[in-house]
Amino acid sequence: SRVVERARFPQAKTLKSFDFDFQPSLNRQEVIGFQDLAFLEKHENLIFIGSPGVGKTHLAISIGLSACQQDQRTLFVNCHDLLLRLRSAYEKGTLERCISRYTRYDLLIIDEIGYLPIDHDEANLLFQLINARYERHSTIITSNTELSAWVNIFQNPTVTAAILDRLVHHAHIIKITGKSYRLKQQN
């Protein structure tokens, strides 16, 4: 469907194809429950935290697909790509327009916060985006870094606190402490 195409998922993933038995740390009912999108109606965020390969992106895409199937405007974006776009808009003087475009999505999925360090300016730009969506729309975040260590990613305690304050205020934080699927597939 066009809604799915516009969401730009890197691949199609569903919860049916997720191996919950391999990740016993996950509350299966809670995760499956997100498909009813009650969190979207309440403008709550989902934050998936865990080591690389445990299935964070798979879960985020699955929930995003459910949102698309229920006609919610959804966008999947890699954190690094998002920051490049925000920075480029800032340099061109079109930041406000860019942020308002990202703010309109019912569901924004920001994948892989924490894989690359984020400089002071980028952290500020991300804050502006998160702040614009705060209590208006839901955001799903995947990160390989515990929230308490985000200050090391953003290298700016004030902005980190402000970002976390808004993301976590109405959020479900799902920690996946299991083993990597990718490593399992290699064995």
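Above this text you will find the structure in question.
Conventions used here
Residue positions are given per chain, counting from 1 as you read along its sequence in written order. Reporting of local features is limited, given that this is a predicted model, to residues whose pLDDT is at least 70; pairs of side-chain atoms are given and counted only at 80 or more, and all residues count toward the totals for whole chains, interfaces and linings. Derived side-chain values reflect all non-hydrogen atoms in the structure, with water molecules and hydrogen atoms excluded from consideration. By definition, a salt bridge exists where a carboxyl oxygen of Asp or Glu is found within 4 Å of a side-chain nitrogen of Lys or Arg. Where helices and strands are cited, they refer to DSSP runs of H or I of at least four residues and of E of at least two residues respectively, numbered from the N terminus. Residue contacts are counted whenever heavy atoms from the two residues lie within 4.5 Å of one another. We call two strands paired when DSSP finds no fewer than two bridges between them. Here, axes are lines fitted to C-alpha atoms. For helices the fit covers the stretch in contact, and angles between N-to-C directions go from 0 to 180 degrees. In what follows, roughly perpendicular refers to angles from 65 to 115 degrees, roughly parallel to angles under 35, roughly antiparallel to angles over 145, and oblique to any angle outside these ranges. Multiply 1.5 Å by the residue count of a helix minus one, and that product is the helix's expected span. The buried label goes to any residue with under 20% of its type's maximum accessible area, the exposed label to any with over 50%, and the partly exposed label to all in between, with areas taken from a 1.4 Å probe on protein chains only. In this analysis, a patch consists of residues with relative accessible area above 30% that form no salt bridge, clustered at 9 Å for like charges and at 5 Å for the nonpolar side chains Val, Leu, Ile, Met, Phe, Trp and Tyr. Each accessible area is a Shrake-Rupley estimate made with a 1.4 Å probe; only the visible protein chains count as cover when residues are assessed. Positive residues here are Lys and Arg, negative ones are Asp and Glu, while His and the chain termini are left out of the count. A charge is said to be at NZ when it belongs to Lys, at CZ for Arg, at CG for Asp and at CD for Glu. Note on aromatic contacts: the rings of Phe and Tyr and the six-membered ring of Trp form a pair at centre separations within 6.5 Å, being stacked when their planes are under 30 degrees apart, edge-to-face when over 60 apart, and tilted otherwise. Geometrically, a lysine NZ or arginine CZ counts as sitting over a ring once it is within 6 Å of the ring centre and also within 35 degrees of the ring normal. The reported arc concerns the directions from the helix axis to the C-beta atoms and nothing else.

## Remarks on the pattern of salt bridges
Thought 1: The full count for this structure, using the stated rule, is 7 salt bridges.
Thought 2: A salt bridge links E146 to K175, with the shortest nitrogen-to-oxygen separation between them at 3.2 Å. With E146 in the loop between strand 4 (138-143) and helix 8 (150-154) and K175 in strand 5 (residues 171-176), the pair connects residues that are 29 residues apart, well separated along the chain.

## Some words on the side chain of H58
Thought 1: Structurally, the position occupied by H58 is in helix 4 (residues 56-69).
Thought 2: Residues in contact with H58, not counting those within four places in the same chain, are K13, T14, S17 and F18.

## A word on the sheet that holds strand 5
Thought 1: Across the sheet, which stays open at both edges, the 5 strands sit in the order 2-3-4-1-5 with parallel pairing between neighbours. Looking at strand neighbours, the two that pair on one side only are strand 2 (74-78) and strand 5, the edges of this open sheet. The average undirected angle you get between the axes of adjacent strands in this sheet is 10°.
Thought 2: Here strand 2 runs beside strand 3 (residues 107-113); their pairing, made up of 5 bridges, is parallel. Following the sheet pairing, F76 is matched in strand 3 by I109.

## Quick word on the packing of helix 5 (residues 79-92) against helix 7 (residues 120-133)
Thought 1: Look at helix 5 against helix 7: their axes get within 10 Å of each other, and the N-to-C directions meet at 95°. Viewed along their axes, helix 5 and helix 7 adopt a mutual orientation that is roughly perpendicular. Facing helix 5, whose interface residues are L82, L83, L86, R87 and Y90, helix 7 presents D121, E122, L125, L126 and L129.

## Examining helix 4
Thought 1: Along its 14 residues, helix 4 runs 20 Å from first to last C-alpha, staying within 8% of the 20 Å computed at 1.5 Å per residue.
Thought 2: In terms of burial, helix 4 is a largely internal element, 12 of the 14 residues being buried.
Thought 3: Taken as a whole, helix 4 has its buried residues at K56, H58, L59, A60, I61, S62, I63, G64, L65, S66, A67 and C68.
Thought 4: Looking one or two residues beyond helix 4, the residue adopting positive phi is D71, at roughly 60°.

## Describing the environment of R101
Thought 1: When you line up the elements, R101 lands in helix 6 (residues 95-104).
Thought 2: A relative accessible area of 42% places R101 in the partly exposed class.
Thought 3: Residues R101 and T145, 44 residues apart in the sequence, show an inter-C-alpha distance of 28 Å.

## Looking at a positive patch on the surface
Thought 1: A contiguous patch of positive charge, built from R8, R85, R97, R101 and R104, is present on the exposed surface.
Thought 2: Among the elements that take part in the positive patch, helix 6 stands out by supplying 3 residues, more than any other.

## As for the packing of aromatic side chains
Thought 1: In this structure the tally under the stated criterion is 4 aromatic pairs.
Thought 2: Positioned above the aromatic ring of Y102 is the side chain of R101, whose terminal nitrogen or guanidinium carbon lies 5.7 Å from the ring centre.

## What to know about helix 6
Thought 1: What helix 6 keeps buried is the set L95, C98, I99, Y102 and T103. Buried residues of helix 6 fall within an arc of 135° about the axis and therefore sit on the same side. Exposed and facing more than 90 degrees away from the buried side of helix 6 are E96 and R97.
Thought 2: Buried positions along helix 6 lie against strand 2, helix 5, strand 3 and helix 7.

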